[in-house]
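Examining the three-dimensional arrangement
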Amino acid sequence: AQTVTQSQPEMSVQEAETVTLSCTYDTSESDYYLFWYKQPPSRQMILVIRQEAYKQQNATENRFSVNFQKAAKSFSLKISDSQLGDAAMYFCAYRSPPLRGNEKLTFGTGTRLTIIP
Amino acid sequence: GAVVSQHPSRVICKSGTSVKIECRSLDFQATTMFWYRQFPKQSLMLMATSNEGSKATYEQGVEKDKFLINHASLTLSTLTVTSAHPEDSSFYICSGGASGGWETQYFGPGTRLLVL
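In what follows, the accompanying structure is described. (Residues numbered from 1 in each chain as written. Chains lettered and ligands numbered in written order. Predicted model: local features only at pLDDT ≥ 70, side-chain atom pairs only at ≥ 80, totals over all residues. Heavy atoms only, no water.)

Topic: the layout of surface pockets
Approximately 270 Å³ is the volume found for the largest pocket. Along the wall of the largest pocket there are 13 residues; nearest its centre are A:Leu105, B:Leu44, B:Met45, B:Leu46 and B:Glu59. Listed by contribution, the elements that provide at least two residues to the lining of the largest pocket are strand S11 (105-107) of chain A together with strand S5 (44-51) of chain B. By residue class, the composition of the lining of the largest pocket is 7 nonpolar, 4 polar and 2 charged. Along the wall of the second largest pocket there are 14 residues; nearest its centre are A:Gln39, A:Arg43, A:Met89, A:Arg112 and B:Lys41. (1 Å grid on protein atoms, 1.4 Å probe; cavity = no way out; pocket = protein on both sides within 12 Å on 5 of 7 lines; lining within 4 Å. Points joined across faces, edges and corners; volume = space filled by probe spheres on them. Helix = DSSP H or I, 4+ residues; strand = E, 2+ residues; numbered from the N terminus. Nonpolar A, V, L, I, M, F, W, Y, C, P; charged D, E, K, R; others polar.)

Thoughts on the interface of chain A and chain B
Between chain A and chain B, the residue contacts involve 21 residues of the former and 23 residues of the latter. Interface area, chain A with chain B, both sides summed: about 1900 Å², of which 53% is carbon and sulfur. The largest share of the area that chain A buries against chain B comes from A:Arg43, A:Glu103 and A:Lys104, three residues that together contribute 31% of it. The interface formed by chain A and chain B includes 1 salt bridge. For B:Glu59, the salt bridge is made with A:Lys104, and the minimal N-O distance between the two is 2.9 Å. Applying the counting criterion to the chain A and chain B interface returns 7 residue pairs in polar contact (both at pLDDT 80 or more). With 4 residues, strand S5 (residues 33-39) of chain A is the single largest residue contributor to the side of chain A that touches chain B. (Contact = heavy atoms within 4.5 Å. Buried area = accessible area lost by both parts, 1.4 Å probe. Salt bridge = Lys/Arg side-chain N within 4 Å of Asp/Glu carboxyl O. Polar contact = N/O pair within 3.5 Å; in protein donor to acceptor, adjacent residues only side chain to side chain.)

Let's talk about the nonpolar core
Ranked by size, the top nonpolar core spans 25 residues in total, and within it A:Tyr25, A:Trp36, A:Phe75, A:Leu77 and A:Tyr90 carry the most contacts. Of all elements in the fold, only strand S3 (19-21), S5, strand S6 (46-52), strand S8 (64-69), strand S9 (74-79), strand S10 (88-95) and strand S12 (111-116) of chain A reach the threshold of two or more residues within this core. Ranked by residue count, the leading element in this core is S10(A), at 4 residues. The contact partners of A:Leu77, leaving out residues within four places of it in the chain, are A:Val19, A:Thr20, A:Leu21, A:Trp36, A:Val48, A:Ile49, A:Phe64, A:Ser65, A:Val66 and A:Tyr90. Among the nonpolar cores identified, the runner-up in size contains 24 residues, and B:Val19, B:Met33, B:Ile69 and B:Leu79 belong to it. (Core = buried A, V, L, I, M, F, W, Y, C linked by side-chain atoms within 4.5 Å. Buried < 20%, exposed > 50% of the residue type's maximum accessible area, 1.4 Å probe, protein only.)

A closer look at the state of the cysteines
The final tally for this structure, using the stated rule, is 2 disulfides over all chains. Linked covalently through their sulfurs, A:Cys23 and A:Cys92 form a disulfide whose S-S length is 2.0 Å. One quick way to see it: the torsion about the S-S bond of A:Cys23 and A:Cys92 is about -70 degrees, and its sign makes the bridge left-handed. Residue A:Cys23 is found in the loop between S3 and strand S4 (24-26), and its partner A:Cys92 is found in strand S10; the two are separated by 69 residues along the sequence. Taking relative accessible area as the criterion, A:Cys92 reaches 1% and is therefore assigned buried. Through a disulfide, B:Cys23 is tied to B:Cys94; the S-S separation comes to 2.0 Å. Its S-S torsion of approximately 80 degrees makes the covalent link between B:Cys23 and B:Cys94 right-handed. One end of the pair, B:Cys23, is in strand S3 (residues 19-25); the other, B:Cys94, is in strand S9 (residues 90-97), and 71 residues separate them in sequence. The same class applies to B:Cys23 as to B:Cys94, namely buried. (Disulfide = S-S within 2.5 Å.)

A closer look at the environment of B:Gly96
All names here are of chain B. The residue Gly96 is located in strand S9 in this model. The class for Gly96 is buried, based on a relative accessible area of 0%. Along the primary structure Gly96 and Thr49 are separated by 47 residues, whereas in three dimensions their C-alpha atoms are 9.8 Å apart. Excluding anything up to four places from it in sequence, Gly96 contacts Val4, Phe28, Ala30, Thr32, Met33, Thr104, Gln105 and Tyr106.

A look at the pairing of S12(A)
All names here are of chain A. Only one face of S12 is covered, namely the one carrying Thr111, Leu113 and Ile115; the face carrying Arg112, Thr114 and Ile116 has none of its residues buried. Where strand S2 (residues 10-14) and S12 come together, 5 bridges link them in parallel fashion. Opposite Val13, over in S12, you have Ile115 as the bridge partner. Relative to S12, S10 runs antiparallel, the two sharing 3 bridges. Within the sheet, the bridge partner assigned to Ala88 lies in S12 and is Leu113. (Pairing = 2+ DSSP bridges.)

By themselves, these figures tell us nothing about what the structure is for.
Okay, structure coming up:
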């Protein structure tokens, strides 16, 4: 079974600065998908960014980018120019490819990000 | 992105009663829907996966007779907590995914259940 580990229960960053959230995972599969979800105080889960394992290029979405290290099974999230609205719980998630018939997400335990004004 | 709604957003019930939570995909057809449970300050725990027109697949440790899941159409799944007890109090979240590819799971806003 796959496991996802987020070793930082809490992080804080000064507004406008950059912060990196860590995520490692364990799998025997060669093809899979990785996601970062954000859960603000409203508790609505929001997709931040996603990465396909077969792609070597790191995904980027505006101020959000990932550092995907397949050999190391690492998938960190970098938030640049942090804004107050970025304050939330961030979850890293793993998913097997659809052809295996298992589309469920395996979540890490989350990292609570605080933005300091 | 696609929108998933949940109803009700919050429900308080007496112990022993049953509660039904609806999950709807508003602008896409969700061939697969997932139900999660989240305790305070914890991660999401998958309870079950349901495919339209077939029986749900429950995760180990989840009582299928207590948490009844129905996925009768491509836009609606329901979770019924039968004979609810205080320990069932939690935050329940659904998500929907379309078939094929690796479409992202889109999450509903969640339902907070409090059993007195």
